[in-house]
Amino acid sequence: MSTKVTHPNRRAILGIIAVILIVIFANWLMSSTSLGNRNLDLTEDKRHTLTEGTKAILSELDTPVIIRYYATRKSEMMPRQLKNYMRKVDDLLNRYRNLSKGQIIIEHLDPQPDTDAEDSANLDGISGQRINDENLYFGLSISSLNQKSAIPYLDPNDETMLEYHLSSAIANVTSFKKTRVGLMTTLPMAGSPAQMPGQQPQQPWIMYQLLEQRYELQNLGMTPADLNPEDTPVILLVHPAGITPETEYTLDQYLLKGGIIIACIDPYAITAPQGNPMMGAMGGGGVPKSSHLPTLLQAWGIGMDSTHVIADGKYASDFGENRRMYAHLNLSQEAITDKDEITTRNFESLYLPLAGGLTLNENKGLNVETLVKSSNEVILVTAQSAGNPDPGLFTRSQPTGKSYGLLMRLQGSFPSAFPDGKPGNEQSADTKAEAEGDKTLAENASSGLKKAEKPGTVYLISDADFLFDVACFQSSPQGHIAVNNNAALIENILDQCTGSKHLIGARSRAATMRPFTVVKEMETQFAKELREDVEKAQQEMQDIVTQLQQLQSQKSQGKQLVLSPEQELKIIELQEKEIQLRRELRDKQKSLRSRKDALYAKITRLTVAVTPAFVALLGLAVWLIRRKTTRAL
């Protein structure tokens, strides 16, 4: 019996082919499973890792969500920047799908002219970008049952917000009812009927109308009997002037059950209705100018002087004719403490008239964040004195040197502000229980939550007038135009609070593209080093050009003037010098490019070499361990 012997070269070739096939099929098998989509994020700030809020939203999905992903991939007109960004979006969507346990369904569509995909994109509100007479699509449509939302255009410049927008859209389309927002206010936000015959009724504030369109706005009055987060997820509390201890207790219990309160308290509300002096002792029906939450703020460890407002030397408003109002705060981006904060991201300005100053007096175990703050150039003044321009205010008074919070966010398990139960019940019930020996009555008197059942959230804003029409909008023939970010602020906060509890406090992601700061610093340093040389060379070149022009003009009048040989030589000399200067400048610029190229090459070598070197070292370590073990046996 003879055995067929395979040539060694053939065996080697077959072995190589087998290894290649094994690698290809192993890669395919891994990519088709969840293991193949796992990655190790070693970047600073976890730039390639989904946030906990997104993971929580995806894990709670119980209804299929369809994401139609419109991307024009076949067109050569698609800019390179967008093509690169597409790969990041592809990767992000794959991670969403893998984490959703099959609830996220992604449909890839490439809209071409006059196709069903293009019609579908238009129906889904995906706007095509006109580039070189061609419509290019790059957007997302998110739908679940009859709910739909869209991200019309995926802007690479807005990359850090992509995860938040996508997670928020998924949360919104899987919520099948209009979110209820409870409104408690003493201000006439909802308008008011005519006070006297012949008068016009007062129209609702524009901000009130906008909120009414987006939410199920529920006017609760200032003395609701009970509040439950299950029925009313968010309470918007605006200028609670004269709030009673009983109402504070109701809010306290609501918060301990996991509620969300957006409280706009104000040491001096300009918009608070004044009483009618004609009514005299019968009561004029006015609203106190100052509002506060005395018991709740103390329990939360927050302080605010309800009799003084902030006069800020840095953020004062100018009303023309040298009328500078220090207490009318016109806040710029510098007042925003965190550029990645969702509620205030990309804000240009906020206007807060006669706002108070919030301070953190004591840590009560809550997560307290100051989102908007004043400068350190602050004087606390009474509202009456702040109502008029006072050019000499900072001459007469010394600033406190402290920065005050204007918008704060408190999160966590809140302590009860009423550990003895509902105010007003303790003494009477205790007395009656003692007299009757009724222990049950005594226990009921102090019933109520003493500690939080669920984590709650409070947004504190030290002003209420910022919601009024003239503080936010400007009338125009096209309607009301926002003049600052006041309206966006309250809308962003409500969006976060009503969209998904997992998105409250979310930050925008860090950008995956990191600037080459070393290269920029190098360029800046190079520019500094060359500045004098360049300026000197440019001046010399300018002198040369001037001299040449003068000589050339003399030469052009050659009928009357013939240049001397010395002048001819001078022209040649100047021309050579000009060429030499230009060459030197080019050489310096080439030197900069060479240094940059060397730096890029070094980065590339490190990037390429580190991973193989790590694998090689790991393999060497395994080999040494196995060899040592074998010898020991």
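Residues numbered from 1 in each chain as written. Predicted model: local features only at pLDDT ≥ 70, side-chain atom pairs only at ≥ 80, totals over all residues. Heavy atoms only, no water.

- As recorded in an unreviewed UniProt entry, the chain goes by the name Gldg family protein, listed as coming from Oceaniferula marina.

### With respect to the pattern of salt bridges
Thought 1: Enumeration over the complete set of coordinates arrives at 14 salt bridges.
Thought 2: Across the pair arginine 68 and aspartate 124 runs a salt bridge whose closest N-O atoms are separated by 2.8 Å. Of the two residues, arginine 68 is situated in strand S1 (residues 65–71) and aspartate 124 in the loop between helix H4 (116–123) and strand S3 (129–131); the sequence distance between them amounts to 56 residues.
Thought 3: Note on aspartate 124: relative accessible area 6%, which makes it buried. (Salt bridge = Lys/Arg side-chain N within 4 Å of Asp/Glu carboxyl O. Helix = DSSP H or I, 4+ residues; strand = E, 2+ residues; numbered from the N terminus. Buried < 20%, exposed > 50% of the residue type's maximum accessible area, 1.4 Å probe, protein only.)

### Section: the environment of leucine 237
Thought 1: Here leucine 237 lies in strand S9 (residues 234–238).
Thought 2: For the pair leucine 237 and cysteine 264, spaced 27 residues apart in sequence, the C-alpha separation works out to 6.1 Å.
Thought 3: Ignoring anything within four residues of it in the chain, the contact list for leucine 237 reads Met184, Met222, Leu251, Ile262, Ala263, Cys264 and Leu293. (Contact = heavy atoms within 4.5 Å.)

### Brief notes about the pairing of strand S2 (residues 104–109)
Thought 1: Two strands pair when backbone bridges link them, and S1 and S2 are joined in this way by six bridges, in the parallel orientation. Counterpart to arginine 68 in the pairing with S2 is glutamate 107.
Thought 2: One crossover worth recording links S1 to the parallel S2 by way of helix H3 (residues 80–99), and it is right-handed. (Pairing = 2+ DSSP bridges. Right-handed = clockwise from strand over helix to strand, strands pointing away.)

### Concerning helix H5 (residues 162–173)
An α-helix turns once every 3.6 residues. As a result, residues three or four positions apart point the same way.
Thought 1: Compared with the 16 Å implied by 1.5 Å per residue over 12 residues, the 17 Å span of H5 between its first and last C-alpha is a close match.
Thought 2: In terms of burial, H5 is largely enclosed, as 10 of its 12 residues are buried.
Thought 3: Within H5 the residues assigned to the buried category are Leu162, Glu163, Tyr164, Leu166, Ser167, Ser168, Ala169, Ile170, Ala171 and Val173. (Expected span 1.5 Å × (residues − 1).)

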